[in-house]
Amino acid sequence: MNVEPCLPLNEDLPRGDAEYLAESCFQFHEVPGSKSVTARALFLAAAARGTTVLRRPLVSDDSLGFAEGLAALGYRLEREPNRWTVEGRVRGPASEEASVFCRDGATTARFLPVLAAAGHGVFRFDASAQMRRRPLGPLTRALRDLGVTVVHQEREDHHPLTVHADGIKGGHVTLDAGLSSQFLTALLLVGPLSEQGLTITVTDLVSAPYVDITVAMMERFGVRVHRDGNTFTVPAQPYTATDYTIEPDASTASYFLAAAALTGHRVTVPGLGSGSLQGDLRFAQVLARMGAHVALAEDHVTVTGAPGGRLAGITVNMRDISDTVPTLAAIAPFADGPVRIEDVYNTRIKECDRLEACAENLRALGVPVQIGRDWIEIHPSRPRPAHIACHDDHRIAMAFSITALRTPGITLDNPGCVKKTFPGFHRALNDLRTIWHRDQ
């Protein structure tokens, strides 16, 4: 693991605290590339005129599944360490018939059928049992409103499905993105491949920062989206290939930033700063409200835990950063007051029902918890060792691994599920913990 000492920050801490914190200051270089950015970059590269180079892409089960899906659709990709090359096509897939298995990847399962609709042919899609449970309804209805034939083989509005593609004419469509912003992202991304362009009116939108990522990346590939309130207009204008570097994953970084706050140490994540596209970097602000010291520069973020890992209770709306809900839930028992997380219904339709999964595991740890339709409240406690039910969800596994930093004896029923976004997570966390213990 590449962990280097970093320089102390200028901070208004008592001298003793500042000296204590400076001893535990590390730069953490192992946070992999962003899952969200990698998926969008692969779509944009496939849809662009010319050959795109993607640098530092995420290499995980999700991104490999997306890349294999593109290959099945007839796109040419070359994968080298830290460098993927994609030859784009402005008229959709080269294949006229293909079958794509989307694994557990929500972006793969939602983006690639829309990309296929811009081509010509018959394209079949299926996914894991976990992904089959996740909804597609609003996206299916929008595609049908645009004249695309989508047939669900077993359960309406879920995988498996078949797209009978004959291009997308374009026009105006109304979309409910209240369950997932990915529905809107998929339509925005495919807009330039339509004949007339797309105008999309959104009736509800969750995780809005992910849409901001989409719009910013489309502009890097040469297409500007116009937004007027809840209406997005995308021109029928070809994307242009580019050389694109993937920034570190902010959701994955949340575990290591939380680890610093929980243990009283300091972690710096290079490449993830005020210039980041990702809304989940706002999780650092949540840690600041709990008493950690946060320094945000253009190209890095640093979180320094208070001595002893002191944390304050808070109430926070996490609608726009809901992927970090398990991270906060996992450290919440160590706060000095209740931690209440609100407006996060969409976490119930992720890889698992994350609100229920967090509550279940916290109760197993002996932590008092209340839960509602879109909220969870966690009370101060001293967690006891327990066997964590991961529900095949990488975020549950990684989040409660952070709890284990102050609760020895915690085990996971499926530690390998982290392969979805960070196959090396457990090794990286263990290395970081070893360094902290060595320098105490």
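Everything below is about the structure printed above this text.
This is a predicted model, so every value here is computed, not measured. (Residues numbered from 1 in each chain as written. Predicted model: local features only at pLDDT ≥ 70, side-chain atom pairs only at ≥ 80, totals over all residues. Heavy atoms only, no water.)

Student: Before we move on, can you summarise the overall build of the chain with the specific residues and values?
Tutor: In terms of helices and strands, the chain carries 14 helices and 25 strands. Computed over C-alpha atoms, the radius of gyration of the chain comes to 22 Å, within 12% of the 22 Å expected from 2.2 N^0.38 for 440 residues, which places it in the range of a compact globule. Seen through its C-alpha atoms, the chain measures out along the principal axes to roughly 65 × 40 × 40 Å. Across the 440 residues in the chain, those meeting the buried criterion constitute 60%. Looking at the chain alone, contacts between residues at least 24 apart form 73% of all its contacts between residues at least 6 apart. (Helix = DSSP H or I, 4+ residues; strand = E, 2+ residues; numbered from the N terminus. Rg over C-alpha atoms; globule rule 2.2 N^0.38 Å. Buried < 20%, exposed > 50% of the residue type's maximum accessible area, 1.4 Å probe, protein only. Contact = heavy atoms within 4.5 Å.)

Student: Now, about the sheet that holds strand 10 (residues 161-166): what can you tell me, with residues and values included?
Tutor: What links the strands of a sheet is backbone hydrogen bonding, and the strands pair in either a parallel or an antiparallel sense. On the basis of which strands lie adjacent, the open sheet formed by four strands has the order 7-8-10-9 and mixed pairing. What marks the edges here is a single partner per strand, and that holds for strand 7 (97-101) and strand 9 (149-152). Each strand of the sheet is rotated relative to its neighbour by a mean of 15 degrees, with strand direction disregarded. As judged from the four bridges shared by strand 9 and strand 10, these two strands associate in the antiparallel manner. (Pairing = 2+ DSSP bridges. Axes fitted to C-alpha atoms, helices over the stretch in contact; angles between N-to-C directions.)

Student: So what's going on with the pattern of salt bridges? Which residues, and what values?
Tutor: Opposite charge on two side chains lets them pair, provided their charged atoms get close. Going through the model one piece at a time under the given rule, you end up with 27 salt bridges. Put simply, Arg-103 and Glu-68 hold a salt bridge, and the shortest N to O gap is 2.7 Å. Placement of Arg-103 in the loop between strand 7 and helix 4 (106-117) and of Glu-68 in helix 3 (residues 61-72) is noted, with a sequence separation of 35 residues between them. Where Arg-124 meets Glu-97, a salt bridge forms, and the shortest distance between an N and an O atom there is 3.1 Å. Of the two residues, Arg-124 is situated in strand 8 (residues 120-126) and Glu-97 in strand 7; the sequence distance between them amounts to 27 residues. Members of the salt-bridge network, linked through shared partners, are Lys-35, Asp-62, Arg-134, Asp-323, Lys-350, Glu-351, Arg-354, Asp-393 and Lys-420. (Salt bridge = Lys/Arg side-chain N within 4 Å of Asp/Glu carboxyl O.)

Student: Any chance you could break down the pairing of strand 18 (residues 293-296) for me, citing the residues and the numbers?
Tutor: Looking at chain direction, strand 18 and strand 19 (residues 300-304) are connected through four bridges and run antiparallel. Directly across from Val-294, in strand 19, lies its bridge partner Val-303. Between strand 18 and strand 19, which follow one another and run antiparallel, lie three residues.

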